[in-house]
Amino acid sequence: MSVSVRIKQKSLFKRKLNIEEIIKLTNLSYGVCDENYRIIQNEIAKHTLIYDKNKLARGIDISLDGTDIILLLSLPTAPSEIRKFYEVIEIICNELNIQDYIREEEKVSIKDNEKFIKYDEEGSIAGLEDLEEKIGQDEYKRFEIFGVYNPISIGINEIKEINNNLYNLEEYLNRIQSLDVYYATPRVYRVKEKLIGIYAIGANIPSVVPTEPYIVLNQIKGIEEWYVMMKEGKTIKYVDFINNVENKEYYDANHVIVTLSEKEVDGLLDKYLIVI
């Protein structure tokens, strides 16, 4: 669920704004997503995320369609990010000396931004209520949303913490993305005519790892085996890794934080080392 805005650069003679110039106008942090939807900070691409580094939420996607400026806001999101979205729209419109833009295919005025902020807050609450309803059903254990820094798995614990309150959502999104951790993601290889997924985990690095390994959005299907590569390229099966790590701290509905000492790494390798 998202809100789409198009801002037309109408002037025939004035040079059109590019992505870098727009970002400078907003004075926000920026970056692009890698293939696993983790942020690569301070890079610009066709689709770039801008965000407030002091209130981490889901990020505002900015791109160009010809000379038109396209902004996308994912819902549900934090109230501060909703307000920031419309502040960015107003900043761009003022720079272009225009008073209107296109929101969800409808021409609107920046004078009505407060009304749209309320609409998007209501849309965010509706989105949270929908998640709560679905997660309460047996067939849904969790849903994945994209934070500005990395994906986040929302399950029953997260739903209870947020409690359909946007300010709780804001606090949650900022807290979980402010942790000093490495968000581990897999690489996929073809070995002996089959696909395998491998996570890389090092010693003394707090690492977010899934309880059930997966590929975001099922972009690659048919992975038959999962592994963890540890020091010196040595590998163990993922199931042996996740079932035998002693200290696991809850991160989200499908992830835990593990921090392995050199001794623990050596112990796992001594017991479960495998040649792929």
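Quick caveat: nothing in here was measured; it's all calculated off a predicted structure.

**Focus: the packing of helix α2 (residues 79-96) against helix α3 (residues 113-135)**
For any two helices packed against each other, the geometry is given by the interaxial angle and the distance between the axes.
So, step 1. Orientation of α2 relative to α3, taken along the N-to-C sense of each, is 145°, at an axis distance of 10 Å. As α2 packs across α3, the resulting crossing turns out to be right-handed. In this structure, α2 uses P79, I82, R83, Y86 and E90 to contact α3, whose residues at the interface are N113, E114, F116, I117, D120, E121 and S124.
So, step 2. Looking at side-chain class alone, the contact of α2 with α3 contains 5 nonpolar, 2 polar and 5 charged residues.

**Observations regarding the pattern of salt bridges**
So, step 1. Within the structure shown, the criterion is met by 15 salt bridges.
So, step 2. Notably, a salt bridge pairs D34 with R38, separated by 3.0 Å at the nearest N-O pair.
So, step 3. Taking the relative accessible area as the measure of exposure, D34 reaches 14% and is therefore buried.
So, step 4. With its nearest N and O atoms 3.4 Å apart, the salt bridge here joins E232 to K234.
So, step 5. Assessed through its relative accessible area of 65%, E232 is described here as exposed.

**Describing the layout of surface pockets**
So, step 1. Taken as a whole, the largest pocket encloses approximately 370 Å³ of empty space.
So, step 2. Lining the largest pocket are 15 residues; nearest its centre among them are C33, L49, D61, S74 and F146.
So, step 3. Elements with a contribution of two residues or more to the lining of the largest pocket: β2 (29-33), β4 (48-51) and β6 (68-74).
So, step 4. The element that contributes the greatest number of residues to the lining of the largest pocket is β2, accounting for 3 residues.
So, step 5. Looking at the lining of the largest pocket, its residues break down into 6 nonpolar, 7 polar and 2 charged.

**Re the sheet that holds strand β11 (residues 182-183)**
So, step 1. Taken in spatial order, the 4 strands of this open sheet run β11-β14-β18-β17, and their pairing is mixed. Of all strands in the sheet, those with a lone pairing partner are β11 and β17 (248-252), marking the two edges.
So, step 2. Direction of pairing for strand β14 (residues 207-210) relative to strand β18 (residues 255-258): antiparallel, over a ladder of 4 bridges. Looking at the pairing, P210 lines up with H255 of β18.

**Some points on α2**
So, step 1. In this model α2 runs 26 Å from its N-terminal to its C-terminal C-alpha over 18 residues, within 8% of the 26 Å that 1.5 Å per residue would give.
So, step 2. Turning to α2, its buried residues are P79, S80, E81, I82, F85, Y86, V88, I89, I92, C93 and L96.
So, step 3. Just downstream of α2, N97 is the residue with a positive phi angle, here 60°.

Rules used in this analysis
- Residues numbered from 1 in each chain as written.
- Predicted model: local features only at pLDDT ≥ 70, side-chain atom pairs only at ≥ 80, totals over all residues.
- Heavy atoms only, no water.
- Axes fitted to C-alpha atoms, helices over the stretch in contact; angles between N-to-C directions.
- Helix = DSSP H or I, 4+ residues; strand = E, 2+ residues; numbered from the N terminus.
- Left-handed = near helix turned anticlockwise from the far one by under 90°.
- Contact = heavy atoms within 4.5 Å.
- Nonpolar A, V, L, I, M, F, W, Y, C, P; charged D, E, K, R; others polar.
- Salt bridge = Lys/Arg side-chain N within 4 Å of Asp/Glu carboxyl O.
- Buried < 20%, exposed > 50% of the residue type's maximum accessible area, 1.4 Å probe, protein only.
- 1 Å grid on protein atoms, 1.4 Å probe; cavity = no way out; pocket = protein on both sides within 12 Å on 5 of 7 lines; lining within 4 Å.
- Points joined across faces, edges and corners; volume = space filled by probe spheres on them.
- Pairing = 2+ DSSP bridges.
- Expected span 1.5 Å × (residues − 1).

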